[in-house]
Number of protein chains: 2
Amino acid sequence: MTTDKAPRGHKISGENIKKGLVMVNTGDGKGKSTAAFGTALRAVGSGYKVAVVQFIKGQWKTGEGEAATQFGDKLKFFPMGEGFTWETQNFEQDVKKAAEAWRKCIELLHDDEHQLVILDEINYCMKYNFVDVKEVIKELKKKPPLKHVFLTGGGAPQALIDFADLVTEMKCIKHPYHQGIKAQQGIEF
Amino acid sequence: MTTDKAPRGHKISGENIKKGLVMVNTGDGKGKSTAAFGTALRAVGSGYKVAVVQFIKGQWKTGEGEAATQFGDKLKFFPMGEGFTWETQNFEQDVKKAAEAWRKCIELLHDDEHQLVILDEINYCMKYNFVDVKEVIKELKKKPPLKHVFLTGGGAPQALIDFADLVTEMKCIKHPYHQGIKAQQGIEF
């Protein structure tokens, strides 16, 4: 029964539509970037070339980055988060930094080299108005039809959720910090 | 400001507590297993040895499995889902199969070799009473204190949620199936 390949209750008729997906992981829970990273590994394992633009410094500069070196140019990281002033709240500088990162995204969204592009933590930048969601959706509409794009980070704007094909909210039900447990290196970061 | 390493509003005082985390990814959304897989890669990249017990056949037999071969014995997969009768609903046989998988879990939960053990899709088996959540919690209580365990799958029992350190609900906000779009190989599976 081929229908068993699809979750129950889903329309099967239209399932031969093939397209590059616009995927969003948002919410206050863990796993938004980590699931995107797992998807990147799955894609690389399937022969895709993947590019990751990191809007926030430090992300991936841990075990994932180390693991990713195994895959050479099949999995490329573009760390663009250097110089953001999350603490000092220099809005103009953050907008300037985000604009640089966004220019790299536009390049990757439209090339023919990468079949999956991950815009890691870009949702925060849209939330804080460092990047304009209208501009992001405009470029997503112009991407090659089979290119997959994953946008991660909390606070994804409703306009992006409305536009995306696949949206998952990672919801924090329970966090060890709440019990005063330190974030565990190698597991949580 | 070291406190900035922790999300706002979290108690910092107790954060020097180091312990192996019991982590749960549940919910109806995507990314439960994928985030656990990303965590496995992060752990391997940090020098951990990781074991994954697969309660449901087919999981990981895709891009991830291919990517994982890069890491040799640092990342071991134990596919135990063969022979489950999800369609034919032979409860006795499924309980028997789940018991075999669970015995492998017990072995891995208590060894000194693996610092992270992923029990992939075990939550479904507890939900369907193939595996007894009380038995699972009993063994989790006896594991080496620094060993991390990740339990994935929808329908995580409340008793497990109450016991776990970190619980994330992957909530499906929007799924391409709902628009009649086929699951995209290399990205979704």
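Fair warning: this is a prediction, and the values are worked out from it, not measured in the lab.

Enquirer: What exactly am I supposed to notice about the overall build of chain A here?
Expert: Looking only at helices and strands, chain A has six helices and six strands in total. Order of helices (α) and strands (β) in chain A, N terminus to C terminus: β-α-β-α-β-α-β-α-α-β-α-β. Out of the 189 residues in chain A, the part that is buried amounts to 55%. Excluding contacts between residues fewer than 6 apart, the proportion of contacts in chain A whose partners are at least 24 apart in sequence is 80%. Entry remark: accessible area of chain A is about 8,200 Å², with carbon and sulfur atoms responsible for 54%.

Enquirer: Any chance you could explain the sheet that holds strand S5 (residues 148-152) of chain A here in plain terms?
Expert: Picture the strands of a sheet paired through backbone hydrogen bonds; they go either parallel or antiparallel. The 12 strands lie next to each other as S3(A)-S2(A)-S4(A)-S5(A)-S1(A)-S6(A)-S6(B)-S1(B)-S5(B)-S4(B)-S2(B)-S3(B), forming an open sheet whose pairing is mixed. Of all strands in the sheet, those bounded by a partner on one side alone are strand S3 (75-79) of chain A together with strand S3 (75-79) of chain B. Each adjacent strand pair in this sheet contributes to an overall mean axis angle of 15°, direction not counted. As paired elements, strand S4 (residues 116-120) of chain A and S5(A) share four bridges and run parallel to each other. Bridge pairing in S5(A) links A:Leu116 to A:His148.

Enquirer: What is the right way to read the environment of A:Ala164 from this model?
Expert: Here A:Ala164 lies in the loop between helix H6 (158-163) and strand S6 (166-174). Each C-alpha atom, one on A:Ala164 and one on A:Phe130, is 20 Å from the other, the two residues being 34 residues apart in sequence. The residues contacting A:Ala164, other than those within four sequence positions of it, are A:Val22, A:Val24 and B:Lys174.

Enquirer: Teacher, can you tell me more about the packing of aromatic side chains here?
Expert: We describe a pair of aromatic rings using the distance from one ring centre to the other and the angle between the two ring planes. Across all of its chains, the model carries five aromatic pairs over all chains by this definition. Measuring from ring centre to ring centre gives 6.0 Å for A:Phe71 and B:Phe71, while their planes differ by 70°; the resulting arrangement is edge-to-face. Here the residue A:Phe71 occupies a position in the loop between helix H2 (63-68) and S3, and B:Phe71 occupies one in the loop between helix H2 (63-68) and S3, the pair thus bridging two chains. Pairing B:Phe91 with B:Phe130 gives two aromatic rings, centres 5.7 Å apart and planes at 55°, and the pair type is tilted. Taken as a pair, B:Phe91 in helix H3 (residues 91-110) and B:Phe130 in the loop between helix H4 (122-127) and helix H5 (133-142) lie far apart in primary sequence, 39 residues in all. Using a relative accessible area of 40% as the deciding quantity, one classes B:Phe91 as partly exposed. Members of the aromatic cluster, each reached through a chain of ring pairs, are A:Phe91, A:Tyr128 and A:Phe130.

Enquirer: Explain H3(B) to me, please; I cannot follow it from the model alone.
Expert: Residues spaced three or four apart along an α-helix face the same direction, because each turn holds 3.6 residues. Residues and elements named next belong to chain B. Taking 1.5 Å of rise per residue, 20 residues should cover 28 Å, and H3 covers 28 Å from first to last C-alpha, within 8% of that figure. Regarding H3, the residues found buried are Asp94, Ala98, Ala101, Trp102, Lys104, Cys105, Leu108 and Leu109. The arc that holds the buried residues of H3, viewed along the axis, is 160°, so those residues lie on one side. Opposite its buried face, H3 presents the exposed residues Glu92, Lys96 and Arg103, each directed more than 90 degrees away. Those residues of H3 that are buried are in contact with strand S2 (50-54), S3, strand S4 (116-120), H4, H5 and strand S5 (148-152).

Enquirer: Would you take a moment to explain the pattern of salt bridges for this structure?
Expert: Two side chains with opposite charge may pair up if their charged atoms get near one another. Counted by the stated rule, this structure contains 22 salt bridges over all chains. Across the pair B:Lys30 and B:Glu188 runs a salt bridge, and its minimum N-O distance is 3.2 Å. Here the residue B:Lys30 occupies a position in the loop between strand S1 (22-26) and helix H1 (32-45), and B:Glu188 occupies one in the segment after strand S6 (166-174), the gap between them amounting to 158 residues. Residue B:Lys30 is classed as partly exposed on the basis of its relative accessible area of 26%. Residue B:Glu113 pairs with B:Lys49 through a salt bridge whose shortest N-O separation is 3.4 Å. Here B:Glu113, found in the loop between H3 and S4, pairs with B:Lys49, found in the loop between H1 and S2; they are 64 residues apart in sequence, far enough to count as distant. What you see here is one network of salt bridges that share partners, running through A:Lys49, A:Asp73, A:Lys76 and A:Glu113.

Enquirer: Explain the environment of A:Ile137 to me, please; I cannot follow it from the model alone.
Expert: All names here are of chain A. Tracing the backbone shows Ile137 in helix H5 (residues 133-142). When the C-alpha positions of Ile137 and Phe163 are compared, they lie 7.4 Å apart, and in sequence the two are 26 residues distant. Beyond its immediate stretch of four places on either side in the chain, Ile137 contacts Ala159, Leu160 and Phe163.

Enquirer: Any chance you could explain unusual backbone geometry here in plain terms?
Expert: Peptide bonds are, in most cases, trans, and in most cases residues other than glycine have a negative phi. All names here are of chain B. Of note, the phi angle at Glu121 is positive, near 75°, even though the residue is not glycine. On the secondary structure map, Glu121 appears in the loop between S4 and H4. Positive phi values are uncommon outside glycine, yet Asn129 reaches one of about 60°. Turning to its location among the elements, Asn129 is positioned in the loop between H4 and H5.

Enquirer: Where do I start with the pairing of S2(B) in this structure?
Expert: Residue and element names in this part refer to chain B. Burial of S2 is extensive: five of the five residues sit out of reach of the surface. Burial of S2 is two-sided: the residues Val50, Val52 and Gln54 facing one way and the residues Ala51 and Val53 facing the other way are all buried. Pairing analysis gives five bridges linking S2 to S4, with the strands arranged parallel. In the sheet register, Val50 faces S4, and the bridge partner there is Leu116.

Calculation rules
- Residues numbered from 1 in each chain as written.
- Chains lettered and ligands numbered in written order.
- Predicted model: local features only at pLDDT ≥ 70, side-chain atom pairs only at ≥ 80, totals over all residues.
- Heavy atoms only, no water.
- Helix = DSSP H or I, 4+ residues; strand = E, 2+ residues; numbered from the N terminus.
- Buried < 20%, exposed > 50% of the residue type's maximum accessible area, 1.4 Å probe, protein only.
- Contact = heavy atoms within 4.5 Å.
- Areas by Shrake-Rupley, 256 points an atom, 1.4 Å probe, with all protein chains shown as cover.
- Pairing = 2+ DSSP bridges.
- Axes fitted to C-alpha atoms, helices over the stretch in contact; angles between N-to-C directions.
- Phe/Tyr/Trp six-rings, centres within 6.5 Å; stacked < 30°, edge-to-face > 60°.
- Expected span 1.5 Å × (residues − 1).
- Arc of directions from axis to C-beta.
- Salt bridge = Lys/Arg side-chain N within 4 Å of Asp/Glu carboxyl O.

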